[in-house]
Amino acid sequence: MTTLQPRKTNGADETALTHVEFAQILVGNRRAALDLTVDQTRQLAAAILLLDHQLADANRRMACMMVAEADPPPPPKPEPKTKTKPEVVHVPIVTGGSKDLTAALEALVKARQRLERERFSAGENLARQNFEKAAITVTDHCNPKQRK
């Protein structure tokens, strides 16, 4: 019977067979498989499973690449050139005759519009402060301070 022996190099240290070389020996000589221990059989089976998984993964990637090259995505649809923004129609606020309250509410609406325009820009902090001042002015009109 033929037994498996590690190959020797020119030096004194021995090198172990790789799993591929071991499988080639088994294919070439079927009697060599009879001399395998259980651990060697397990190692060979694990190596074959790993190689099979890597081969399947490589085949899947190649197939994905081939599909991607064969079927290019459709070109994007051109956007219409005349894109209109929805126009905001300002309606004046009517409060029943109080000119100060009307002016304060108009200032609050303008401050809010400015805050929306300036969002995420350098002027956001100033716009927020103006909005807060306008809101305080409207609140002072609606709820005057109590007299003592």
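**Q** Explain the overall build of the chain here, please?
**A** Across its full length, the chain carries four helices and zero strands. Of all intrachain contacts in the chain linking residues separated by at least 6 positions in sequence, the fraction that spans at least 24 positions is 35%.

**Q** I tried to follow the side chain of E106 on my own but got confused; where do I start?
**A** If you trace the backbone, E106 turns up in helix α3 (residues 99-117). Despite its burial, E106 remains without a salt bridge, the nearest opposite charge being carried by K110 at 5.4 Å. Look past the residues within four positions of E106 in its chain and what remains in contact with it is H90, P92 and I93.

**Q** Teacher, can you tell me more about a nonpolar patch on the surface here?
**A** Judged by side-chain polarity, M62, M65 and M66 come together as a nonpolar surface patch covering roughly 330 Å² of accessible area. Mapping M65 onto the fold places it in helix α2 (residues 38-70).

**Q** How should the environment of L108 be read in this particular structure?
**A** Its location among the elements puts L108 in helix α3. Between the C-alpha atom of L108 and that of I136, which follows or precedes it by 28 residues, the distance is 9.4 Å. Beyond its immediate chain neighbours, meaning those up to four positions away, L108 contacts F131, A134, A135 and V138.

**Q** Looking at this structure, how should I read the confidence of the model for the chain?
**A** As a note on interpretation, predicted positions should not be read in detail where pLDDT is low. Looking at the chain as a whole, its pLDDT mean stands at 78, while 82% of the residues score no less than 70. Confidence, expressed as mean pLDDT per element, reaches its minimum in the chain at helix α1 (residues 19-28) with 75 and its maximum at helix α4 (residues 124-142) with 90.

**Q** So what exactly am I meant to see when it comes to the packing of α3 against α4 here?
**A** For any two helices packed against each other, the geometry comes down to the angle between their axes and how far apart the axes lie. Orientation of α3 relative to α4, taken along the N-to-C sense of each, is 155°, at an axis distance of 8 Å. As the angle between them shows, α3 and α4 are arranged roughly antiparallel. Crossing angle aside, the handedness with which α3 passes α4 is left-handed. Of α4, the residues touching α3 (which contributes D100, L101, A104, L105, A107, L108, A111, R112, R114 and L115) are E124, L126, A127, R128, N130, F131, A134, A135, T137, V138, H141 and C142. Residues belonging to the contact of α3 with α4 are distributed by class as follows: 14 nonpolar, three polar and five charged.

**Q** Honestly, the pattern of salt bridges in this entry has me stumped. Any pointers?
**A** Oppositely charged side chains may form a pair once their charged atoms are brought near each other. Evaluation of the coordinates by the stated rule reveals four salt bridges. Salt-bridge contacts for R60 lead to D57; the nearest nitrogen and oxygen are separated by 2.5 Å. Of this pair, R60 and D57 both sit in helix α2, separated by three residues, roughly a single helical turn. With a closest N to O distance of 2.9 Å, R128 and E124 form a salt bridge. Residue R128 and its partner E124 are located together in helix α4, separated by four residues, close to a single helical turn. The network of salt bridges with common partners includes D57, R60 and R61.

**Q** Even after reading the chapter, I still don't get unusual backbone geometry, so can you show me in this structure?
**A** A negative phi angle is the norm for most residues apart from glycine, just as the trans form is the norm for most peptide bonds. Although it is not a glycine, F120 adopts a positive phi angle of roughly 60°. Summarising the element assignment, F120 is placed in the loop between α3 and α4. Classification of F120 by relative accessible area gives exposed; the value is 75%.

**Q** Just to check I follow, could you spell out the environment of A33 for this structure?
**A** Position of A33 among the secondary structure elements: in the loop between α1 and α2. Placed 11 residues apart in sequence, A33 and F22 show a C-alpha to C-alpha distance of 10.0 Å.

So, how was this worked out
Residues numbered from 1 in each chain as written. Predicted model: local features only at pLDDT ≥ 70, side-chain atom pairs only at ≥ 80, totals over all residues. Heavy atoms only, no water. Helix = DSSP H or I, 4+ residues; strand = E, 2+ residues; numbered from the N terminus. Contact = heavy atoms within 4.5 Å. Buried < 20%, exposed > 50% of the residue type's maximum accessible area, 1.4 Å probe, protein only. Lys, Arg positive; Asp, Glu negative; His and termini not counted. Salt bridge = Lys/Arg side-chain N within 4 Å of Asp/Glu carboxyl O. Patch = residues over 30% accessible without salt bridge, like charges linked within 9 Å, V, L, I, M, F, W, Y side chains within 5 Å. Areas by Shrake-Rupley, 256 points an atom, 1.4 Å probe, with all protein chains shown as cover. pLDDT = per-residue confidence, 0-100. Axes fitted to C-alpha atoms, helices over the stretch in contact; angles between N-to-C directions. Parallel < 35°, antiparallel > 145°, perpendicular 65-115°, else oblique. Left-handed = near helix turned anticlockwise from the far one by under 90°. Nonpolar A, V, L, I, M, F, W, Y, C, P; charged D, E, K, R; others polar.

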